[in-house]
Amino acid sequence: MSSFLSKSWDSDLAYAWRTSGVAMAASITLLLLLIGALGATWVAPHNPFDLATINLIDALTPPVWMEGGNPLYLLGTDSQGRDLYSSLLYGMRVSLLIGLASVAIAMLIGIILGLVSGYVGGRLDAFIMRVADVQLSFPAILIALLIDGVVRAAVPSDLHANIAFPVLVGAIALAGWPQYARTVRGSTLVEKNREYVQAARVTGVSSVSILFQHVLPNVLGPVLVLATVHVATAIITEATLSFLGVGVPPTSPSLGTLIRVGNDFLFSGEWWITIFPGVALVLLVLSVNLLGDWLRDALNPRLN
């Protein structure tokens, strides 16, 4: 184990990370945010969704360093008396889960369609790519809004809160698969003419085995870089949908929901209710984007 860690630390990728101040700063920031979000149950001083612990008398309490602040609420409280710092941690966890889940589904769909399209070719390739081209001609947020609206119209209103999370994940995933499909298709077109693929065909290896055992491992590099950047895009899309009121319900708010709720109090003096969730969203997305940009450059030295 120690030998593996030593080799990993001495690898070219680890060296590139150690010599990049931006990558290190982004990694540390992202790690702290992940610890706070995923460990919100233990890190947060309050449970903002436990009605027994919420006191309406403490509603709209300013941050602790302002006049009227309460040491129990580091970043103040919202209009319902919920601790804003705790709400940020729980809301960030919801945003991360939606972002990661939607990217995983989009990547799965895109990889499969991209492999099949590039390997089979012909009319199937043309059909898949034309569908992807048509979808890419529309903004991702518009596709997500359309899918979300269709599902909500087809489902009874009393079930909207229960299906909000999976619908949001599915809508963002279906809006993002074309990028993966196009990337994987391009790499597959190159790999399928390589000698090792030709040798596998001659020895009677099935097309499915060739695709997933031989071609797939050689096309994953660009996909992983794209997925890293796409996580930030998915989080922004979720925040936008939640801000527009078609995201997760207020009973389990994400950062976008917190920003939308706080926006009603922005010009009445309670600026902290929307500013702090906005700052948390910026830090989260910026750290993921910077890390993704560094990973792209580190895996492709020709860009340096």
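Just so we're clear, the structure is a prediction, and the values are computed from it rather than from any experiment.

1. Some remarks on the overall build of the protein chain
Within the protein chain, the secondary structure is distributed over twelve helices and zero strands. Listing the helices and strands of the protein chain from first to last along the sequence gives α-α-α-α-α-α-α-α-α-α-α-α. In the protein chain, which comprises 304 residues, the share counted as buried stands at 41%. The long-range fraction of contacts in the protein chain, counting pairs at least 24 apart against all pairs at least 6 apart in sequence, stands at 70%. Surface summary for the protein chain: the accessible area is close to 15,700 Å², and the carbon and sulfur share equals 68%. For the protein chain, the distance from the average site of its 15 positive side-chain charges to the average site of its 18 negative ones is 17 Å.

2. A closer look at the pattern of salt bridges
For the coordinates displayed, the defined rule picks out five salt bridges. As a salt-bridge pair, Asp 125 and Arg 185 come within 2.6 Å of each other at their nearest N and O atoms. With Asp 125 in helix H6 (residues 122-136) and Arg 185 in helix H8 (residues 160-191), this residue pair connects regions lying 60 residues apart in the sequence. In this structure Asp 125 comes out as buried when scored by relative accessible area, which is 10%. Among the salt bridges present, the one from Arg 194 reaches Glu 191, with a minimum N-O distance of 3.7 Å. Salt bridges sharing common partners tie together Arg 130, Asp 133 and Arg 182.

3. Thoughts on the side chain of Arg 82
By secondary structure assignment, the location of Arg 82 is in the loop between helix H4 (40-43) and helix H5 (84-120). Relative accessible area serves as the criterion here: at 11%, Arg 82 is assigned to the buried category.

4. A word on unusual backbone geometry
A negative phi angle is the norm for most residues apart from glycine, just as the trans form is the norm for most peptide bonds. Positive phi values are uncommon outside glycine, yet Leu 60 reaches one of about 60°. Residue position: Leu 60 is located in the loop between H4 and H5.

5. Structural notes on helix H11 (residues 255-263)
Turning to H11, its buried residues number three or more, namely Leu 255, Gly 256, Thr 257, Leu 258, Ile 259 and Gly 262. Tucked into the core, H11 has its buried residues touching H5, helix H10 (207-243) and helix H12 (272-299).

6. Observations regarding the packing of aromatic side chains
All chains considered together, the criterion is met by three aromatic pairs. Between Trp 271 and Trp 272 the ring centres are 5.9 Å apart and the planes differ by 80°, which places this aromatic pair in the edge-to-face class. With relative accessibility at 4%, the residue Trp 272 sits in the buried group. With a centroid separation of 5.6 Å and an interplanar angle of 55°, the aromatic rings of Trp 271 and Phe 276 are classed as tilted. You can call Trp 271 partly exposed: its relative accessible area is 31%. A relative accessible area of 15% places Phe 276 in the buried class. Site record: aromatic cluster; members linked through ring pairs are Trp 65, Trp 271, Trp 272 and Phe 276.

7. Description of the side chain of Ser 87
Locating Ser 87 in the fold gives a position in helix H5. Judged by its relative accessible area of 2%, Ser 87 falls in the buried class. Apart from residues lying up to four places away in sequence, Ser 87 is in contact with Pro 48, Arg 82 and Leu 258.

8. Regarding a nonpolar patch on the surface
A cluster of nonpolar residues, Val 64, Trp 65, Leu 74, Trp 271, Ile 275, Val 279 and Leu 283, forms a patch on the protein surface that exposes about 610 Å² of accessible area. The topology assignment puts Trp 65 in the loop between H4 and H5. Judged by relative accessible area, Trp 65 falls into the exposed class, the value being 53%.

9. Brief notes about the nonpolar core
It is characteristic of soluble globular proteins that their nonpolar side chains tend to be buried jointly. Within the largest apolar cluster, 55 residues are counted, with the highest numbers of intra-cluster contacts made by Met 92, Leu 115, Leu 255 and Leu 284. Elements that contribute at least two residues to this core include exactly helix H3 (21-38), H5, H8, helix H9 (195-202), H10, H11 and H12. Apart from residues no more than four positions distant in its own chain, Leu 255 is found in contact with Leu 88, Gly 91, Met 92, Ser 95, Pro 277, Ala 280, Leu 281 and Leu 284. Among the nonpolar cores identified, the runner-up in size contains five residues, and Ile 128, Ala 132, Trp 177 and Ala 181 belong to it.

10. Topic: the environment of Leu 124
With respect to the helices and strands, Leu 124 occurs in helix H6. On the basis of relative accessible area, Leu 124 is assigned to the partly exposed category, the value being 37%.

11. Structural notes on the confidence of the model for the protein chain
Across the protein chain, pLDDT averages 85, with 94% of residues at or above 70. When pLDDT is averaged over each helix and strand of the protein chain, the minimum, 58, is found for helix H1 (residues 2-9) and the maximum, 92, for H5.

Basis of the calculations
- Residues numbered from 1 in each chain as written.
- Predicted model: local features only at pLDDT ≥ 70, side-chain atom pairs only at ≥ 80, totals over all residues.
- Heavy atoms only, no water.
- Helix = DSSP H or I, 4+ residues; strand = E, 2+ residues; numbered from the N terminus.
- Buried < 20%, exposed > 50% of the residue type's maximum accessible area, 1.4 Å probe, protein only.
- Contact = heavy atoms within 4.5 Å.
- Areas by Shrake-Rupley, 256 points an atom, 1.4 Å probe, with all protein chains shown as cover.
- Lys, Arg positive; Asp, Glu negative; His and termini not counted.
- Charge placed at Lys NZ, Arg CZ, Asp CG, Glu CD.
- Salt bridge = Lys/Arg side-chain N within 4 Å of Asp/Glu carboxyl O.
- Phe/Tyr/Trp six-rings, centres within 6.5 Å; stacked < 30°, edge-to-face > 60°.
- Patch = residues over 30% accessible without salt bridge, like charges linked within 9 Å, V, L, I, M, F, W, Y side chains within 5 Å.
- Core = buried A, V, L, I, M, F, W, Y, C linked by side-chain atoms within 4.5 Å.
- pLDDT = per-residue confidence, 0-100.

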